[in-house]
Amino acid sequence: MTDIESRIDTSRPHTARIWNYWTGGKDNYPVDREAGDRIGELHPGIGEYAKADRLFLGRAVRYLAQEQGIRQFLDIGTGLPTADNTHEVAQRIAPDARVVYVDNDPLVLAHARALLVGTPEGRTDYLDADLRDIDTILAAAAKTLDLSQPVALMLLGVVIFIEDDEESYAIVRRLMDALAPGSHLVLSHTVTHPDMPDVDEAVAFWNEHGTPKLTQRTPAAVARYFDGLELLEPGVVSCSAWRPETPSADVAMYAGVARK
């Protein structure tokens, strides 16, 4: 058994694997599927949240590559590879785009080779690091990315794992402070909302049975991550409502894109 394999715990459901299950992936275990189905019973629309978040990623990356000319992406909290990962979307538009993925989940690390297949003109790399290890992330990312030029910082569904509010805001600020003017923040976050009370029950079930535990925040609290940046239209909204190609129902995953 390799060191990576020894770190994979198949006895408890894991967020990345459940997310993979909900988006139609195969990199999950029975314990993940059972938990995913139970959460789906508590909140029937939860699988759509995962799909909506993935579609938001695609729209945001396409916008940044096509409209803003961004050629560098730092994707922290990558999750397990599925269709249209960040490098695939970006390099489809700009073959010379560079992407650095960061995650500390051993199953994601085990699939790193799948993430590392990019275009010959561009580059992709993968870092095994925790979101809190900011200095480590920036130093390693600088080997692939030119941090003196604009970078898109992708934080999709990852700051939810930082329980302390001020710590989570400080992490995002420190990362953005290290990036050049013209860089963008792309962030999504599970919310608690009076119109979606069943989400709270599903999150409570997850935090009792799964790992790692997650923190919900209000839409206003999510908007705070973009303080000091130029928030792009339509602002911080349900990720399904961020420049959709076709209208769809709101989900309890809010997102936004902002420019430094």
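Please refer to the structure placed before this passage.
Reading guide: rules and limits
Residues take numbers from 1 onward in each chain, read along the sequence in its written order. In keeping with the model being predicted, local features are shown solely for residues with a pLDDT of at least 70 and side-chain atom pairs are shown and tallied solely at 80 or more, while totals for entire chains, interfaces and linings include all residues. As a rule here, side-chain values come from all non-hydrogen atoms in the structure, and water together with hydrogens is ignored. In this scheme, a residue with accessible area under 20% of its type's maximum is buried, one over 50% is exposed, and one in between is partly exposed, where area comes from a 1.4 Å probe on protein chains only. Helix and strand definitions here come from DSSP, where helices need a minimum of 4 consecutive H or I residues and strands a minimum of 2 consecutive E residues; each element is numbered from the N-terminal end. In this analysis, strands are considered paired if DSSP registers two or more bridges between them. Only buried Ala, Val, Leu, Ile, Met, Phe, Trp, Tyr and Cys residues count toward a nonpolar core, and they belong to the same one when joined by side-chain atoms within 4.5 Å. Any two residues whose heavy atoms approach within 4.5 Å at even a single point are treated as in contact. Fitted lines through C-alpha atoms serve as axes, helices being fitted only where they are in contact, and the angles separating the N-to-C directions of these axes extend from 0 to 180 degrees. Should an angle fall under 35 degrees it is taken as roughly parallel, and over 145 as roughly antiparallel, whereas 65 to 115 is taken as roughly perpendicular and any remaining angle as oblique. Definitions for this section: a left-handed crossing has its near helix turned counterclockwise from the far helix by less than a right angle. A right-handed crossing has that turn clockwise. Think of a polar contact as two N or O atoms within 3.5 Å of one another; within protein, one of them needs to be a possible hydrogen donor and the other a possible acceptor, and neighboring residues in sequence only count if both atoms come from side chains. Any Lys or Arg side-chain nitrogen located within 4 Å of an Asp or Glu carboxyl oxygen qualifies as a salt bridge.

1. Focus: the pairing of strand E8 (residues 253-259)
In terms of burial, E8 is largely enclosed, as 6 of its 7 residues are buried. Relative to E8, strand E5 (residues 184-190) is paired through 7 bridges, and the arrangement is antiparallel. In the strand pairing of E8, His184 is matched with Arg259. For strand E6 (residues 230-231) and E8, the ladder comprises 2 bridges, and the chain directions are antiparallel. Looking across to E8, one finds that Leu231 is bridged to Ala258. Pairing geometry for strand E7 (residues 237-238) and E8, over 2 bridges, is antiparallel.

2. Details of the nonpolar core
One finds Phe73 and Leu74 to be the most contacted residues of the largest nonpolar core, which totals 86 residues. Considering each element in turn, this core owes the most residues, 11 residues, to helix H4 (residues 46-67). When neighbours within four sequence positions are excluded, Phe73 is seen to be in contact with Val61, Leu64, Ala65, Thr86, Ala90, Arg98, Val99, Val100, Leu145, Val151, Ala152 and Met154.

3. Regarding the packing of helix H8 (residues 134-141) against helix H9 (residues 165-177)
For the pair H8 and H9, interaxial distance at closest approach is 11 Å and the crossing angle is 25 degrees. Of the possible angle classes, the one that applies to H8 and H9 is roughly parallel. Handedness of the crossing formed by H8 with H9: right-handed. Between H8, through Ile134, Asp135 and Leu138, and H9, the contact on the second element is made entirely by Ile171, Arg174 and Leu175.

4. A short note on the side chain of Asp32
Within the secondary structure, Asp32 sits in helix H3 (residues 30-42). Residue Asp32 is classed as buried on the basis of its relative accessible area, which comes to 0%. Among the polar contacts listed, one links the side chain of Asp32 to the backbone nitrogen of Tyr29, at a separation of 2.8 Å. When residues no more than four places from it in sequence are discounted, the contact partners of Asp32 are Arg12, Pro13, His14, Arg17, Ile18 and Tyr21.

5. Some details on helix H2 (residues 15-22)
Counted residue by residue, H2 has 6 buried out of 8 residues, so it is predominantly covered. Turning to H2, its buried residues number three or more, namely Thr15, Ala16, Arg17, Ile18, Asn20 and Trp22. Looking one or two residues past H2, Gly24 carries a phi angle of roughly 90 degrees, positive in sign.

6. Notes on the pattern of salt bridges
Side chains that differ in charge, positive against negative, can pair when their charged atoms come close. Enumeration over the complete set of coordinates arrives at 9 salt bridges. When the shortest N-O distance is used, the salt bridge between Asp84 and Arg92 registers 2.8 Å. Looking at Asp84, the relative accessible area reads 33%, which means it is partly exposed. Because the salt bridges share partners, they merge into one network encompassing Asp130, Arg132 and Glu167.

7. Section: unusual backbone geometry
Omega for the bond connecting Glu233 with Pro234 falls within 30 degrees of zero, at 10 degrees, which places this linkage in the cis form. Positionally, Pro234 belongs in the loop between E6 and E7. Within the chain, Arg243 stands out as a residue other than glycine whose phi angle is a positive 45 degrees. Position of Arg243 relative to the elements: it lies in the loop between E7 and E8. A relative accessible area of 34% means that Arg243 is categorised as partly exposed.

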